[in-house]
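Residues per chain are reported as follows:
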Amino acid sequence: MKKICSIQNTKIKDLIKIYQQKNYMNIFFVEGIKEFEMAIKGDFLPKRIFICEKIFHKYNMIEPFYSITFIISMKIFKKLAYRENSGGIIALFKEKKYVNQLKNIKISNKNSSLILILDGVEKPGNIGAMLRIADAANIHMIILCNMKTYVYNSNIIRCSLGSIFTRNIFMEKIESIMYWLQKNKIKIIATGFDKHKKAINLYHTQFPHNIAIVFGSESKGVSNIWLKKANKIITIPMFGNIDSLNVSNAMSIIIYEILRQRNYDI
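Residues numbered from 1 in each chain as written. Predicted model: local features only at pLDDT ≥ 70, side-chain atom pairs only at ≥ 80, totals over all residues. Heavy atoms only, no water.

1. Description of the overall build of the protein chain
Thought 1: From N to C terminus, the protein chain includes nine helices and 12 strands.
Thought 2: Reported as C-alpha extents along the three principal axes, the dimensions of the protein chain are approximately 65 × 45 × 35 Å.
Thought 3: For the protein chain, the residues scored as buried account for 48% of the 266 residues in total.
Thought 4: Residue pairs in contact within the protein chain that sit at least 24 positions apart in sequence constitute 81% of those at least 6 positions apart.
Thought 5: Here the protein chain has roughly 14300 Å² of accessible surface; of this, 49% comes from carbon and sulfur atoms.
Thought 6: Of the side chains in the protein chain, 40 bear a positive and 19 a negative charge, and the two mean positions are spaced by 5 Å. (Helix = DSSP H or I, 4+ residues; strand = E, 2+ residues; numbered from the N terminus. Buried < 20%, exposed > 50% of the residue type's maximum accessible area, 1.4 Å probe, protein only. Contact = heavy atoms within 4.5 Å. Areas by Shrake-Rupley, 256 points an atom, 1.4 Å probe, with all protein chains shown as cover. Lys, Arg positive; Asp, Glu negative; His and termini not counted. Charge placed at Lys NZ, Arg CZ, Asp CG, Glu CD.)

This is the structure we're talking about:
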């Protein structure tokens, strides 16, 4: 391990560039012990690791990577760190390719598949929270389309607690996703508002075995093409003056109702 004492060091300048510019050299920024551990668990490759001696204590975690690890001062770390309580570690990782990989995946009709599709969800915090829920529910696959946000955004990584690194994630165009769903005989369940004329109350819905649940953007909801092709459109009943929930909260309610139906007789 080598020490870096100046913020003007070229490696620190590169780190700042990567933090400020998405997709810079196909490298992304990870901050925090839990997030670092999840990236390693997901077989992501670290390029450089920066630790603050006064904060960081889990040296066994980075032992295989000492040759690419740099020790930085508290002053430099505070300038670089996005948040407090990150455990004194910042690392750069190589991106993985999520695009055009779905065509290689086949689904067995013998199992009950539950697939999550995020259609144009914009806020990194919501995407991260939804990935965290997907991990908790052990959702088999996550497909992203109409992405408006860099997939390795720091807020996505943080809010997902690093589960973005360990889930089965694909990024595709809507037409490709629909072709793949049809080929694998997977039913499409779109989420909608109460006002949609075809919407069915969540608690009046029986869910098939192989399904893909589509959640849309915070402002516009699910794209019309999904609503037209959906086998069912479901909605969560609302009893107050507001007609919708935060998209991650809505996902929690819907996903766990599906799991309840699958695990218990109703």
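Alright, that's what it looks like, and here's the rest.
2. A closer look at the sheet that holds strand β9 (residues 187-191)
Thought 1: The seven strands are arranged β8-β7-β6-β11-β9-β12-β10 in an open sheet whose pairing can be described as parallel. Taken across any chain shown, the strands that pair with only one partner, and hence form the sheet edges, are β8 (169-171) and β10 (199-201). Within this sheet the neighbouring strands show an average axis-to-axis angle of 30°, counted without direction.
Thought 2: As defined by bridge partners, strand β6 (residues 114-119) adjoins strand β11 (residues 211-215) across five bridges and the pair is classed as parallel. In the sheet register, I117 faces β11, and the bridge partner there is V214.
Thought 3: Lying over the sheet, helix α5 (residues 124-136) contacts β6, β7 (141-145), β8 and β11, oriented at roughly 180° with respect to β6.
Thought 4: In the packing of helix α7 (residues 174-183) onto the sheet, contacts are made with β6, β7, β9 and β11, and the angle to β7 comes to roughly 145°. (Pairing = 2+ DSSP bridges. Axes fitted to C-alpha atoms, helices over the stretch in contact; angles between N-to-C directions.)

3. Structural notes on unusual backbone geometry
Thought 1: In this model, N138 sits at a positive phi of 55°, which is unusual for a non-glycine residue.
Thought 2: Mapping N138 onto the fold places it in the loop between α5 and β7.
Thought 3: Here the phi dihedral of N146 falls at roughly 55°; this positive angle occurs in a residue that is not glycine.
Thought 4: Structurally, N146 is set in the loop between β7 and α6 (154-159).
Thought 5: Given the relative accessible area of 35%, N146 is considered partly exposed.

4. Observations regarding the packing of aromatic side chains
Thought 1: Under the definition given, this model contains 12 aromatic pairs.
Thought 2: For the pair F44 and Y152, a centre-to-centre distance of 6.1 Å together with 80° between the ring planes defines the contact as edge-to-face. Taken together, the positions of F44 in the loop between α2 (33-41) and β3 (46-52) and Y152 in the loop between β7 and α6 put the pair 108 residues apart, joining distant regions of the chain. The pair F44 / Y152 is uniform in exposure class, with both members buried.
Thought 3: Pairwise contacts between aromatic rings join F28, F36, F44, F65, F93, Y98, Y150, Y152 and F165 into one cluster.
Thought 4: Geometry around F44 places K96 over its ring, the cationic atom sitting 4.6 Å from the centre. (Phe/Tyr/Trp six-rings, centres within 6.5 Å; stacked < 30°, edge-to-face > 60°. Lys NZ or Arg CZ within 6 Å of the ring centre and 35° of its normal.)

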